[in-house]
Amino acid sequence: VVGFIGSFYAYEGLDLLGADIVLAPSKYTADHVVSDQDVPRERTRVVPWGLDPGFEAQSVAASRMSLPGEFPKGRVILTVGRWLASERYKGMDTLITALPRLLTRWPELELVVAGQGDDRNWLEDLAEKNGVRRHVHLLENLSYVQLAACYAACEIFALPSSGEGFGMVYLEAMSYGKPVIGGAHGGAPEVIEDGVTGYLVPHGDAVHLATSIETLLLNPALGQEMGRKGRERVERDFRFNTFAKSLKKILRELCAS
């Protein structure tokens, strides 16, 4: 029996002790499997997820994709994730509270929040309270192609989460050559190279987040260079065929034993 764990949130209630091997996408998630479920360390393997080949293929035609009608003009920060009260750890609220600091210098700045869920009203109310409602655009029920177009059109991708088990959205943004900002927690530091492919920021720290965004807005060439290095890292370390090879190797070893 092989157990696949997408994040440490995903295995709550699962009994993994009966699995011969438990696969986790990051050391962070593997550590939680060991500590929370008492799975022996020797029965865990870290196998980073690979980017969906279908999504990766979309990048070839990115410039010809149709953006959602509500996608704004201007300099756009994109974040992607479910809008649920149970997932507020993703830090979309911190992005909203960081906006006032940035809009004084860049009034053309826009935040696009792609996702869906029952927490939409909370996000809209937060934007209203911070006086940035017209700069926050919540786009829901996007198609695969529309989401890819959003990645292609944004300038910066940010998800300052407190505990991503891995963070597939970071890979998606990196595959489009975008600088990425993630939380300095969870599995994100295993995907984002701080100062190289983007920045890692403390969860909930709107000042630190705004400073990182400001650095990229002030120096677009830096963001483009980070994006280039991020795309190279995806191609080197996070291709689906790399994941498939690692998985096959583990399965062969398991069958042989």
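Everything below is about the structure printed above this text.
The notes below deal with the structure included here. Only a predicted model underlies this, so the values are computations on that prediction, with no experimental measurement involved. (Residues numbered from 1 in each chain as written. Predicted model: local features only at pLDDT ≥ 70, side-chain atom pairs only at ≥ 80, totals over all residues. Heavy atoms only, no water.)

### Overview of the side chain of E164
Okay, step 1: Here E164 lies in the loop between β7 (156-159) and α6 (168-175).
Okay, step 2: In this structure the side chain of E164 is engaged in a polar contact, spanning 2.9 Å, whose partner is the side chain of K90.
Okay, step 3: Residue contacts for E164: discarding those within four places in its chain leaves Y28, Y89, K90, L159, Y170, G186, G187 and A188. (Helix = DSSP H or I, 4+ residues; strand = E, 2+ residues; numbered from the N terminus. Polar contact = N/O pair within 3.5 Å; in protein donor to acceptor, adjacent residues only side chain to side chain. Contact = heavy atoms within 4.5 Å.)

### Concerning the packing of aromatic side chains
Both the distance between ring centres and the angle between the ring planes are used here to describe each pair of aromatic rings.
Okay, step 1: Under the definition given, this model contains six aromatic pairs.
Okay, step 2: Judged by centre distance (6.0 Å) and plane angle (15°), the ring pair of Y151 and Y176 falls under stacked. Remark: Y176 occurs in the loop between α6 and β8 (180-183) and Y151 occurs in helix α5 (residues 144-153); sequence separation between them is 25 residues.
Okay, step 3: A ring pair is formed by F240 and F243, whose centres lie 5.7 Å apart and whose planes are at 50°; its orientation type is tilted. A residue pair is termed a helical-turn pair when its members lie 3 or 4 positions apart in one helix, as F240 and F243 do in helix α9 (residues 240-256) at three residues. (Phe/Tyr/Trp six-rings, centres within 6.5 Å; stacked < 30°, edge-to-face > 60°.)

### Points about the sheet that holds strand β9 (residues 198-201)
Okay, step 1: The six strands lie next to each other as β6-β5-β4-β7-β8-β9, forming an open sheet whose pairing is parallel. Each edge of the open sheet is held by one strand with a lone partner, namely β6 (136-140) and β9. The mean inter-strand angle of the sheet, taken between neighbouring strand axes irrespective of direction, is 20°.
Okay, step 2: Where strand β5 (residues 109-115) meets β6, five bridges bridge the pair, whose relative direction is parallel. Following the sheet pairing, A114 is matched in β6 by L139. (Pairing = 2+ DSSP bridges. Axes fitted to C-alpha atoms, helices over the stretch in contact; angles between N-to-C directions.)

### Things to note about the environment of P160
Okay, step 1: Considering the arrangement of structural elements, one finds P160 in the loop between β7 and α6.
Okay, step 2: Since its relative accessible area comes to 1%, P160 is described here as buried.
Okay, step 3: Placed 39 residues apart in sequence, P160 and Y199 show a C-alpha to C-alpha distance of 9.6 Å.
Okay, step 4: Aside from chain neighbours lying at most four places away, what touches P160 is Y89, K90, G91, L95, I181, G182, G183, V201, H203 and L209. (Buried < 20%, exposed > 50% of the residue type's maximum accessible area, 1.4 Å probe, protein only.)

### So, the pairing of β5
Okay, step 1: In terms of burial, β5 is a largely internal element, seven of the seven residues being buried.
Okay, step 2: With burial as the criterion, each face of β5 is covered, one bearing L109, L111, V113 and G115 and the other bearing E110, V112 and A114.
Okay, step 3: Direction of pairing for strand β4 (residues 75-80) relative to β5: parallel, over a ladder of six bridges. From the neighbouring strand, R75 faces β5, where its bridge partner is L109.

### Examining the nonpolar core
Okay, step 1: Within the largest apolar cluster, 70 residues are counted, with the highest numbers of intra-cluster contacts made by L78, V136, Y151, F157, I181 and I213.
Okay, step 2: In terms of residue count, helix α3 (residues 92-103) provides more of this core than any other element does, seven residues in total.
Okay, step 3: Not counting residues within four places of it along the chain, the set of residues in contact with F157 comprises L78, T79, V80, Y151, V169, Y170, A173, P179, V180 and I181. (Core = buried A, V, L, I, M, F, W, Y, C linked by side-chain atoms within 4.5 Å.)

### Digging into unusual backbone geometry
Okay, step 1: With phi around 55°, N141 is a residue other than glycine that occupies positive phi space.
Okay, step 2: Checked against the element boundaries, N141 lands in the loop between β6 and α5.

### Some words on the packing of α3 against helix α7 (residues 206-218)
Okay, step 1: At a closest axis distance of 9 Å, the pairing of α3 and α7 adopts a crossing angle of 60°. One way to sum up the angle between α3 and α7 is to call them oblique. Crossing geometry of α3 relative to α7 is assigned as right-handed. For the pair formed by α3 and α7, the contact residues are T94, L95, T97, A98, R101 and L102 on the first element and A206, V207, L209, A210, I213, E214 and L217 on the second.
Okay, step 2: Class assignment for the residues of the contact of α3 with α7 results in nine nonpolar, two polar and two charged. (Parallel < 35°, antiparallel > 145°, perpendicular 65-115°, else oblique. Left-handed = near helix turned anticlockwise from the far one by under 90°. Nonpolar A, V, L, I, M, F, W, Y, C, P; charged D, E, K, R; others polar.)

### A short note on the pattern of salt bridges
Okay, step 1: Summed over the entire model, instances satisfying the criterion amount to 18 salt bridges.
Okay, step 2: One salt bridge connects R120 with E140, and the closest N-O pair in it is separated by 2.8 Å. You can see R120 sitting in helix α4 (residues 120-129) and its partner E140 sitting in strand β6, a full 20 residues away along the chain.
Okay, step 3: Here R120 falls in the partly exposed class, since its relative accessible area comes to 23%.
Okay, step 4: Assessed through its relative accessible area of 34%, E140 is described here as partly exposed.
Okay, step 5: Because the salt bridges share partners, they merge into one network encompassing R82, E87, K90 and E164. (Salt bridge = Lys/Arg side-chain N within 4 Å of Asp/Glu carboxyl O.)

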